[in-house]
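Next come the chains, spelled out residue by residue.
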Amino acid sequence: MTDRAEREALVREHMESENRHAFDATLRTFATHPRYEIVAGGRVYDGPAEVAAYYRATRAAFPDQRNDLVSLRHADDAVVVEFDLHGTHLGELYGFPPTGRSFRCRMLALFLFEGRELVCERVYFDALTVLAQLGLAPALPD
């Protein structure tokens, strides 16, 4: 199997295990030191304990959270994934009380590799899109 095929299979397993909420499997897709960078909020989760806490907090807030793959592309040291993330706000997240409302937002993730090892997932999205759908911020006018 080529490096490209191995990386793609690893990213697909990462995303699918997140959808199953099988976070031990998700953590195993990383090399020895997982790292998430959520650019929109300026948050970094570095290491197994912090990444596991991120999974617990986000799934407590959005227990039905799922990602739907839109496209996947390869770069020299990354796999670039466009996806729709969606879920229902049923628990507190970063001080925001649950609204019971759902969101759907197009996102972009860079799965960064060192050789064949996944070392970081860096996620980009428009936080205002999510907050407005949840009723936590005004929607932008058309």
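Scroll up a little and you will see the structure.
Residues numbered from 1 in each chain as written. Predicted model: local features only at pLDDT ≥ 70, side-chain atom pairs only at ≥ 80, totals over all residues. Heavy atoms only, no water.

Visitor: It is not clear to me how the pairing of strand S3 (residues 66-75) should be interpreted in this structure. Could you clarify?
Guide: Of the pairings in the sheet, the one linking S3 to strand S4 (residues 78-88) comprises 9 bridges and is antiparallel in character. Counted as the bridge partner of Ala75 is Ala78 from S4. Between the end of S3 and the start of S4, which pair antiparallel, lie 2 residues. (Pairing = 2+ DSSP bridges. Helix = DSSP H or I, 4+ residues; strand = E, 2+ residues; numbered from the N terminus.)

Visitor: Explanation requested: the side chain of His89 in the structure shown.
Guide: Its place among the elements puts His89 in the loop between S4 and strand S5 (102-114). For His89, a relative accessible area of 1% puts it in the buried group. His89 has contacts with Ala61, Phe62, Phe96, Pro97, Pro98, Thr99, Gly100, Arg101, Leu134 and Leu136, leaving out every residue within four places of it along the chain. (Buried < 20%, exposed > 50% of the residue type's maximum accessible area, 1.4 Å probe, protein only. Contact = heavy atoms within 4.5 Å.)

Visitor: Looking at this model, I keep getting lost on helix H3 (residues 48-61). Mind explaining?
Guide: For an α-helix, the turn length of 3.6 residues means that residues three or four places apart are oriented alike. Over its 14 residues, H3 extends 20 Å from the first C-alpha to the last, a length consistent with the 20 Å expected when each residue adds 1.5 Å. Within H3, the full set of buried residues consists of Val51, Ala52, Tyr54, Tyr55, Thr58, Arg59 and Ala61. (Expected span 1.5 Å × (residues − 1).)

Visitor: So what exactly am I meant to see when it comes to the nonpolar core here?
Guide: Among soluble globular proteins, nonpolar side chains are generally buried collectively. In terms of nonpolar packing, the biggest core is built from 30 residues, with Val11, Tyr36, Tyr55, Val81, Phe83 and Phe111 touching the most fellow members. Counting only elements with at least two residues in this core, the list comes to helix H1 (3-20), helix H2 (23-28), strand S1 (35-38), H3, S4, S5 and strand S6 (117-124). With 6 residues, S5 is the largest single contributor of residues to this core. Once residues within four sequence positions are removed from consideration, Tyr36 is found in contact with His14, Glu18, Thr26, Phe30, Arg43, Val44, Tyr45, Val51, Tyr54, Tyr55 and Glu121. (Core = buried A, V, L, I, M, F, W, Y, C linked by side-chain atoms within 4.5 Å.)

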